[in-house]
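# Structural features, examined
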Amino acid sequence: MQTAEPNEPLSWLENQKLHYARWQSASGSALPKKVVIADDTMAANAAYKLTCEGAALLWRGDFHQGRQMVQALGRRIDNARARNEGKADATPRENYYAYRQYQAQRARVLGLVVVELAADYGIDLRRAPDMREACKQAWGEPTGKGCIVSLRELMGIVAAFEWRKKGLDIPALKATGDGKIYPHYGVFAPIRGEYVGLVVQAIAQRTEPITTAFDIGVGTGVLSAVLATHGAEKVIGTDMDARAIECAEDNIHRLSLEEKIKIQATDLFPKGQADVIVCNPPWLPGRPSSKLEQAIFDPESKMLRGFLIGLKAHLAPNGEGWLIMSDLAEHLGLRAEGELLKLIEAAGLNVKGKLDARPTHPKTQDETDPLHIARSREVTTLWRLVAAN
């Protein structure tokens, strides 16, 4: 157990001594109101009461028992939600906001089971696995000081570490390298393969050559790699997130595509024009509650609007913009039906065609999901956009 300097923001009393530590939270979680020492002897009901009041439980017991405590708290939150089920006549929009509120409360409570990491990211708990390498990949080299971190966030870091080790099979890249994309911590993994397949279809339908392509919001680099391996001579991927840029460059190197693909730290468009410009912006208008949710939520549709407004000026003659969007926002009542087409028209663009795909991820079949009706109707569309005459 470490005793940090008094200027560290988090403090607690333990063994009649005041301790201090740095609060580590990649999701930006607020500093806990207070810290209570907890171990295997604490009852789940007592833990639930404390966390609901905003207290962090600094776990000193068996590591796996700590994970079980997080699961026990999750069950209590879910049971409380079931007892206070929303109105039967609620609109899809009302159901969505109620669900988001529940998700936020769940994340806050479960994030309050915390553990102490040593200066080298080691954990001094019974049966604790060695997570030092996973933490290094997520946070960088140790700073020389210990910290307090949510056990739930720590397990997310380990899960991302495993994703990065194993990689994700991408059928459209099976002829290139090992055909995998390796997501990094904090970068959204391309687990929804339907949008990758839509890009492959769009490339096949295009009769003009693709000399230059732009991939706006490159993420893991998966769409840049698909473009480069299916006919594009040169691809420029852009992003403003340092983690995404590092991840994309790593995947491009693994696939030996450095000669064809370049990554730029740019807000939306690079300089110049392109034959094809692909953008897969966040699909839901709204504010993200964590770094990873930035791939899902687009506040006031800022990225979508920016892409559409700037697209025309960056299209080469006979160029196309490929906007990949789900209509889930329409089914949830977050975007009016027809609003997207109005934005396209206002940007001086026409719809040349579109390709549709039904999502196949597990939630589309999960009838217990509060958003099941909307998800069951969802369609992902690649809009082929051209400059209006």
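Owing to the predicted nature of the structure, the values given are computational and were not obtained by experimental measurement.

### Quick notes on the pairing of strand 4 (residues 55–59)
The element strand 4 is extensively covered by neighbouring structure, given that 5 of its 5 residues are classed as buried. Neither face of strand 4 is exposed, since Ala 55, Leu 57 and Trp 59 on one face and Ala 56 and Leu 58 on the opposite face are all buried. Two elements, strand 3 (residues 34–38) and strand 4, share 5 bridges in a ladder whose sense is parallel. Paired with Val 36 across the two strands is Leu 57, which belongs to strand 4. Viewed along the sheet, the connection from strand 3 through helix 1 (residues 44–52) into strand 4 turns out right-handed. Bridge count between strand 4 and strand 5 (residues 113–117): 2 bridges; the pairing is parallel. Following the sheet pairing, Leu 57 is matched in strand 5 by Val 113.

### Details of the environment of Gly 193
The topology assignment puts Gly 193 in the loop between strand 8 (180–181) and helix 6 (194–205). For Gly 193 and Ile 170, which are 23 residues apart along the polypeptide, the C-alpha to C-alpha distance reads 7.8 Å.

### Details of the nonpolar core
Residues Val 199, Leu 227, Ile 277, Phe 307, Leu 308, Trp 322 and Leu 323 are the most contacted members of the largest nonpolar core, which totals 59 residues. Those residues in contact with Val 199 that lie beyond four places of it in its chain are Leu 223, Val 226, Leu 227, Val 278, Trp 322, Ile 324 and Leu 382. Counting 48 residues, the second-largest nonpolar core is a separate cluster that includes Leu 50, Ala 55, Ala 134 and Ala 160.

### Quick look at the sheet that holds strand 15 (residues 380–387)
Reading across the sheet, the 7 strands line up as 11-10-9-12-13-15-14 and stay open at both edges, with mixed pairing between neighbours. Looking along the sheet, the strands with just one partner apiece sit at the ends: strand 11 (261–265) and strand 14 (349–357). For this sheet the average axis-to-axis angle between neighbouring strands, irrespective of direction, equals 20°. Those strands touched by helix 8 (residues 242–254) are strand 10 (234–239) and strand 11, and its axis lies near 170° from that of strand 11.

### Re the pattern of salt bridges
By the definition in use, this model includes 19 salt bridges. Note that Arg 60 is salt-bridged to Glu 116, the shortest N-O span being 2.9 Å. Linking Arg 60 in the loop between strand 4 and helix 2 (63–83) with Glu 116 in strand 5, this pair joins segments that are 56 residues apart in sequence. The partly exposed category is assigned to Arg 60, whose relative accessible area is 23%. The salt bridge involving Asp 78 is made with Arg 106; its shortest N-O contact spans 3.1 Å. Of the two residues, Asp 78 is situated in helix 2 and Arg 106 in helix 3 (residues 92–110); the sequence distance between them amounts to 28 residues. Connected through shared salt-bridge partners, Arg 206, Glu 208, Glu 320, Lys 352 and Arg 384 make up one network.

### Structural notes on the packing of helix 9 (residues 302–314) against helix 11 (residues 339–346)
At a minimum axis distance of 8 Å, the contact between helix 9 and helix 11 shows a crossing angle of 35°. Residues Leu 304, Arg 305 and Leu 308 of helix 9 form the contact with helix 11, whose own contacting residues are Glu 339, Leu 340, Leu 343 and Ile 344. Residue composition of the contact of helix 9 with helix 11, grouped by class: 5 nonpolar, no polar and 2 charged.

### Some points on the side chain of Ser 301
When you line up the elements, Ser 301 lands in the loop between strand 12 (274–279) and helix 9. Sequence-distant contacts of Ser 301, that is, excluding residues within four places in its chain, are made with Pro 285 and Arg 335.

### Quick notes on unusual backbone geometry
Even without a glycine there, the phi angle at Ser 256 is positive, about 55°. Tracing the backbone shows Ser 256 in the loop between helix 8 and strand 11. Taking the relative accessible area as the measure of exposure, Ser 256 reaches 58% and is therefore exposed. For Asn 318, which is not a glycine, the phi torsion comes out positive at approximately 65°. Positionally, Asn 318 belongs in strand 13 (residues 315–326).

Reading the values: the criteria
- Residues numbered from 1 in each chain as written.
- Predicted model: local features only at pLDDT ≥ 70, side-chain atom pairs only at ≥ 80, totals over all residues.
- Heavy atoms only, no water.
- Buried < 20%, exposed > 50% of the residue type's maximum accessible area, 1.4 Å probe, protein only.
- Helix = DSSP H or I, 4+ residues; strand = E, 2+ residues; numbered from the N terminus.
- Pairing = 2+ DSSP bridges.
- Right-handed = clockwise from strand over helix to strand, strands pointing away.
- Core = buried A, V, L, I, M, F, W, Y, C linked by side-chain atoms within 4.5 Å.
- Contact = heavy atoms within 4.5 Å.
- Axes fitted to C-alpha atoms, helices over the stretch in contact; angles between N-to-C directions.
- Salt bridge = Lys/Arg side-chain N within 4 Å of Asp/Glu carboxyl O.
- Nonpolar A, V, L, I, M, F, W, Y, C, P; charged D, E, K, R; others polar.

Keep in mind that these numbers describe shape and distance, not what the molecule does.
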